[in-house]
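Structure assessment
This is what each chain is made of:
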Amino acid sequence: MPGAVIIGAGPGIGRSVARRFAREGLPVALVSRTGTALDLDGVLTYKADVADEDGLRAALDAASAELGTPDVVVYNAAVIRPDTPGEASMRAQLDAWAVNVVGALVAATHVAPAMARRGSGSFLVTGGMPEPKAAYVSLSLGKAGVRTLVKLLDEEYGPSGVHVASITVAGPVAPGTEFDPDDIAEHYWRLHTQPRDRWEQEVRHG
């Protein structure tokens, strides 16, 4: 049975999204730098750094070999760090861009063509920084890049039935707050199950 693949499966949003999809009966595969199961039962785990193109593609191939073409892929990886203008080196900025944007592009173009041939599927990206902040330059640039990437992917794959969207989280994620990851996870399920005539390209939490 096809299922859900969560890329960037950490203990916050990643775990909550995995639990949300598993609750609906979907098999779940987690792709992370550590390859851990996050205390979740019955999930498949794959180890990959999203900035390593070959490793990321290999993990996605392994998940697809086990699950089939996924129903939904969630890209939740990001480099989150404070850096003011001129503070981070060019290498540091490029490394952040590779995780925040290029990894999502690689993942989407690796899985979306098969979804398009099937005529259905969702590719959802965790966004943020609805307004840029000078204290978070690399993250602000990355999340602006995500918005543009979602539009480009929708243009390419949307007509074939692939729902591409981002979930903009406008604050720090923490249990018991208005940015509780379990509450945020509801957006991913809602977007995945939206009728095509109601597709949203971006939702904002907070």
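Anything mentioned here points back to the structure above.
We now turn to the structure provided with this report.

The strand order across the open sheet formed by seven strands is S3-S2-S1-S4-S5-S6-S7, and the pairing between neighbours is parallel. Looking along the sheet, the strands with just one partner apiece sit at the ends: strand S3 (44-47) and strand S7 (202-205). Strand-to-strand, the axes of this sheet are offset by a mean angle of 15°, without reference to chain direction. By the bridge criterion, four bridges tie strand S1 (residues 4-7) to strand S4 (residues 72-75) in an arrangement that is parallel. Bridge pairing in S4 links alanine 4 to valine 72. Against the sheet, helix H4 (residues 137-157) makes contact with strand S5 (121-128), strand S6 (162-169) and S7, and its axis sits at roughly 165° relative to S6, the strand it touches most.

Turning our attention to the nonpolar core. Formed by 34 residues in total, the largest nonpolar core has its most connected members in Val5, Ile7, Tyr75 and Phe123. Looking at this core, the elements that each hand over two or more residues are S1, strand S2 (28-32), helix H2 (53-67), S4, helix H3 (90-118), S5, H4 and S6. For this core, the element with the most residues is H3, which contributes 10 residues. Setting aside anything within four residues of it in sequence, one finds phenylalanine 123 in contact with Val73, Tyr75, Ala104, Ala107, Ala108, Val111, Leu153, His163, Val164 and Ala165. Listed in part, the 26 residues of the second largest apolar core include Val17, Tyr188, Trp189 and Leu191.

Among the structural elements, serine 16 can be located in helix H1 (residues 13-23). Excluding residues within four positions of it along the chain, serine 16 makes contact with Pro181, Asp182 and Ala185.

The next thing to look at is the packing of aromatic side chains. According to the stated counting rule, one finds one aromatic pair in the structure shown. For the ring pair phenylalanine 21 and tryptophan 189, a centre distance of 5.3 Å and an interplane angle of 70° mean the geometry is edge-to-face. Of the two residues, phenylalanine 21 sits in helix H1 while tryptophan 189 sits in helix H5 (residues 181-193), which places them 168 residues apart along the sequence.

Here we come to the pattern of salt bridges. Inspection of the entire model under this criterion finds 10 salt bridges. Between arginine 20 and glutamate 24 there is a salt bridge, with its nearest N and O atoms 2.6 Å apart. With relative accessibility at 9%, the residue arginine 20 sits in the buried group. Ionic pairing is found between glutamate 186 and arginine 23, a salt bridge with its closest N-O pair at 3.5 Å. Of this pair, glutamate 186 sits in helix H5 while arginine 23 is found in helix H1, placing the two residues 163 residues apart along the sequence. A relative accessible area of 34% places glutamate 186 in the partly exposed class.

Further remarks concern H4. Over its 21 residues, H4 extends 30 Å from the first C-alpha to the last, a length consistent with the 30 Å expected when each residue adds 1.5 Å. Where H4 is buried, its residues contact H3, S5 and S6.

This next bit is on the packing of H1 against H5. Between two packed helices, what matters for the description is the angle formed by their axes and the separation of those axes. Two elements in contact, H1 and H5, have axes whose closest approach is 8 Å; the angle formed by their N-to-C orientations is 50°. Regarding the angle of H1 to H5, the classification is oblique. Of the two possible hands of crossing, H1 and H5 adopt the one that is right-handed. For the pair H1 and H5, the contacting residues are Ile13, Ser16, Val17, Arg19, Arg20, Phe21 and Arg23 in the first and Pro181, Asp182, Ile184, Ala185, Glu186, Tyr188, Trp189 and His192 in the second. For the contact of H1 with H5, the class distribution of residues is eight nonpolar, two polar and five charged.

About the criteria used
Residues numbered from 1 in each chain as written. Predicted model: local features only at pLDDT ≥ 70, side-chain atom pairs only at ≥ 80, totals over all residues. Heavy atoms only, no water. Pairing = 2+ DSSP bridges. Helix = DSSP H or I, 4+ residues; strand = E, 2+ residues; numbered from the N terminus. Axes fitted to C-alpha atoms, helices over the stretch in contact; angles between N-to-C directions. Contact = heavy atoms within 4.5 Å. Core = buried A, V, L, I, M, F, W, Y, C linked by side-chain atoms within 4.5 Å. Buried < 20%, exposed > 50% of the residue type's maximum accessible area, 1.4 Å probe, protein only. Phe/Tyr/Trp six-rings, centres within 6.5 Å; stacked < 30°, edge-to-face > 60°. Salt bridge = Lys/Arg side-chain N within 4 Å of Asp/Glu carboxyl O. Expected span 1.5 Å × (residues − 1). Parallel < 35°, antiparallel > 145°, perpendicular 65-115°, else oblique. Left-handed = near helix turned anticlockwise from the far one by under 90°. Nonpolar A, V, L, I, M, F, W, Y, C, P; charged D, E, K, R; others polar.

Keep in mind that these numbers describe shape and distance, not what the molecule does.
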